[in-house]
Amino acid sequence: MANDTQKTERMPIRDMLGRSTVSLTRSESRIVQLLLADYPVAGLGSASSLAKRAGVSDPTVARFVTKFGFENFAAFQAALLEDVEARLRSPLMMLETKQAGDAHDATVNRYMASVTQKLRDAAEAAVPEPYDRAVDLIMGAKGSVTLVGGRFSRHVAGMLAGYLLQLRSDVHSISPLTLESFDRLVDIGRRDTLIVFDYRRYQTDVVEFARQAEARGAHVILFTDPWMSPVAEFADVVIIASVEVDSPYDSLAPAVAQMEALVAHAVVREKRVMERRVADLEKLRSANAVTVDDPAP
């Protein structure tokens, strides 16, 4: 069985619809709007039901799916269902399909090669605009910057919080989210920015915390995967990483790289601010012999 690094990856249907450069008629644009507004449910019925809901004819739906490279509506729907399944896939579900096809001693090399490919993919897909916007929202927040994440991704959020504390004050990482954590929402509002890391399978508490923060006026920056956390529906900035590698577990290596790229971008833009703040931090660290090369106080 070929591993993931050898497969040709298809763009998720939602990305295909939202980012397409395909020329669409007004009727076909209504289909896109419906599919994105009620994703994925709108596409799970028959072609006729989709046509009726969008207020178009059955032949319009047929022409629409062929424009996106599908032979017919059944092929489009099969791809949609595949995306839905992938979005919900757990390590247990992937265990069988990710079994090694050759010697166990090649596992490490095969895994590292698949992660390396994902890092290449992330580099090729990177564009400055979302990073610029994210830095604007982080450095421009007149209140606090709060970071949250899922079971594993919260550790990436914690790393970013550590970096951001060298760039600005009032940075808080909530790890892990608990029922008591939701009390912190009382202090979050229009002056604040929330940074969320959420990858499949998306956590209810992370999504709900972000939803309530946004409802209170906070700006939201989301790091997620191609299937996209529900937080993407209301986030100001969405940065996407392909995370599926040659393992039952998704890799956060691309997410870490994107997080560090954001920090590098922020440092270049905010060099003078960082220099002043880090100088003060170094004085405090030296006074308290924080590192092994610091003299004892």
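For the structure itself, look to the data block above.
Owing to the predicted nature of the structure, the values given are computational and were not obtained by experimental measurement.

A. Spotlight on the environment of Asp58. The residue Asp58 is located in helix H4 (residues 58-67) in this model. When its relative accessible area of 38% is taken as the criterion, Asp58 is described as partly exposed. Along the chain, Asp58 and Ser48 lie 10 residues apart, while their C-alpha atoms are 5.7 Å from each other. Every residue in contact with Asp58, bar those within four places of it in the chain, is listed here: Ser48 and Ala51.

B. Just helix H8 (residues 128-139), in detail. Over its 12 residues, H8 extends 16 Å from the first C-alpha to the last, a length consistent with the 16 Å expected when each residue adds 1.5 Å. Along H8, the positions that sit buried rather than exposed are Pro130, Tyr131, Ala134, Val135, Leu137 and Ile138. Buried residues of H8, viewed axially, fall in a sector of 165°; they line one side. Exposed residues on H8 whose side chains face more than 90 degrees from its buried face are Pro128 and Glu129. If you follow the buried residues of H8, they end up packed against strand E1 (145-149), helix H9 (153-164), strand E3 (193-197), strand E4 (219-224), strand E5 (237-240) and helix H11 (253-269).

Analysis parameters
- Sequence positions are assigned chain by chain, starting from 1 and proceeding in written order.
- pLDDT decides what is reported in this predicted model: residues at 70 or higher carry local features, side-chain atom pairs at 80 or more are listed and counted, and totals for whole chains, interfaces and linings draw on all residues regardless.
- In computing side-chain properties, one takes all heavy atoms of the structure into account and sets aside hydrogens as well as water.
- The secondary structure listing takes helices from DSSP runs of H or I that are at least 4 residues long and strands from runs of E that are at least 2 residues long, numbered from the N terminus.
- Three labels apply to residues, based on accessible area from a 1.4 Å probe with only protein chains included: buried if under 20% of the type maximum, exposed if over 50%, partly exposed otherwise in between.
- Throughout, a residue-residue contact means that at least one pair of heavy atoms, one from each residue, lies within 4.5 Å.
- In this scheme, a helix's expected span is set at 1.5 Å multiplied by one less than its residue total.
- Think of the arc as the fan of directions from the helix axis to the C-beta atoms.

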